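Each chain is listed here by its residues.
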Amino acid sequence: MPALASLLDELVTANRILAREGVVDAFGHVSVRHPDRTDRYFLSRARAPELIEAGDLMEFTLDGTAIDPAGRAPYAERFIHGAVYAARPDVHSVVHHHSPAVIPFGVTGAPLSPIMHMCAGIGARVPTWDSRTSFGDTNLLVTTEEMGRHLAAALGGRPAILMRGHGAVVAGASIREAVFNAIYLQLNASLQMKAQALGDVTFLSEGEVAAVLKTRGAYTFERAWERWCRRAGRPYDARPMDGPLAGR
Ligand code: MN
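Definitions and limits used
Positions within a chain are numbered from 1, following the residues in the order the chain's sequence is written. In keeping with the model being predicted, local features are shown solely for residues with a pLDDT of at least 70 and side-chain atom pairs are shown and tallied solely at 80 or more, while totals for entire chains, interfaces and linings include all residues. No hydrogens and no water enter the side-chain calculation; it runs on all heavy atoms of the structure. Helix and strand definitions follow DSSP, with helices as H or I runs of at least four residues and strands as E runs of at least two, each counted in order from the N terminus. Buried means the residue's accessible area, taken with a 1.4 Å probe over protein chains only, is under 20% of the maximum for its type, while exposed means over 50%, and partly exposed covers the values in between. Following DSSP output, two strands are said to pair if at least two bridges run between them. Any pair of residues with heavy atoms lying within 4.5 Å of one another is described as a contacting pair. To get an axis, a line is fitted to the C-alpha atoms, and for a helix only the part in contact is used. The angle between two axes follows their N-to-C directions and goes from 0 to 180 degrees.

**So, unusual backbone geometry**
1) Next: For Ala70, which is not glycine, the phi torsion reads 50° and is therefore positive.
2) Next: Note on placement: Ala70 falls in the loop between strand S3 (57–61) and helix H2 (79–87).

**What to know about the pairing of strand S4 (residues 93–97)**
1) Next: The buried fraction of S4 is high, at 5 of 5 residues.
2) Next: Side chains Ser93, Val95 and His97 of S4 all project onto a buried face; the interleaved residues Val94 and His96 project onto the opposite face, where all are buried too.
3) Next: With 4 bridges connecting them, strand S1 (residues 29–33) and S4 associate as antiparallel partners. The residue of S4 that forms the bridge with Ser31 is Val94.
4) Next: Pairing of S4 with strand S7 (residues 167–172), which is carried by 5 bridges, proceeds in the antiparallel orientation. By the bridge assignment, Val94 is partnered in S7 with Ala171.

**So, the sheet that holds S1**
1) Next: Spatially, S3-S2-S1-S4-S7-S6-S5 is the arrangement adopted by the 7 strands of the open sheet, whose pairing is mixed. With one partner strand each, in any of the chains shown, S3 and strand S5 (128–129) form the two edges of the open sheet.
2) Next: Across the sheet, helix H5 (residues 145–155) is in contact with S5, strand S6 (160–163) and S7; its angle to S6 comes to roughly 125°.
3) Next: Running at roughly 145° to S7, helix H6 (residues 175–198) makes contact with S1, S4, S6 and S7 of the sheet.

What follows is the structure, encoded as C-alpha cells:
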C-alpha cells in the first residue's frame with residue numbers, strides 16, 4: 001500500500017480502536033498530520049468514530065479549511081487539531097475525546113498525574129483548560145481558530161490537557177503514540193479515582209516519568225497496537241520494533 005494510503009488506513013484503525021476502548025463514543029475525533037505537508041492534516045467528516053471508513057477522511061489546512069469537502073460536513077471542533085499542529089512541530093497526531101473518566105478531574109481542579117508506569121506518557125501533571133476564563137459563557141465547544149490557539153497555548157509542550165466540563169486533548173508524535181496515551185489517560189483517571197477513595201496516592205515522580213519514557217520505543221506502541229487492532233476487528237499493519245525494550 002502506498003505510504004499515504006497506509007497512513008489513512010491507520011487513521012481509520014485509530015478511530016475504531018478509540019471507540020472500542022471507550023475513549024470516544026458518538027463524539028470525539030483523531031487526526032494525523034499530512035506526512036508530506038506540515039501545513040495540512042487529515043480528519044474524518046463529522047461522524048461517530050466506530051463507523052468511520054477511508055472515504056470519510058478529509059484533508060484540512062491548519063486554519064480548518066477543507067481541501068475537497070465533496071459535500072461532507074466537517075467536525076465543528078476541527079480547530080483543536082490545526083491549532084495544535086501549528087503550535088507543535090513535534091506533534092503528528094491529535095486525539096480529542098470526552099472520556100467520562102477524565103471529566104471529574106477537569107471540573108474540580110483535582111490534580112491528575114500518573115499513578116502507574118504505563119500511564120507515564122500523559123505527563124507528570126495534566127493541566128486543565130477552562131474555556132470560560134477567556135471566552136465567557138459558550139457551549140464549551142472549540143469552534144474557532146482563536147479558541148483552538150488558546151487551548152494549544154495552554155497545552156504548551158505537554159502530551160495532554162483536560163478541558164473543563166468537556167473532555168481532553170492528547171497529542172503524540174505518531175498515531176500509535178497519541179492513541180496509546182489517550183487510552184492510558186483514561187485508565188489513569190479511572191484508577192486514580194479508585195485509589196483516592198482508599199487513601200492518599202503516591203504518584204510517579206517527575207524522575208520516574210522521565211525514566212519510563214526513556215525506555216519507551218516503538219516496541220511498546222506496537223505490542224499494544226496489535227492487540228487493540230484485534231479487539232477493534234482491524235488488520236494489524238506491523239511497524240519495526242525498536243527501542244531498549246525490543247524483544248522483551
Ligand atoms: Mn468535544
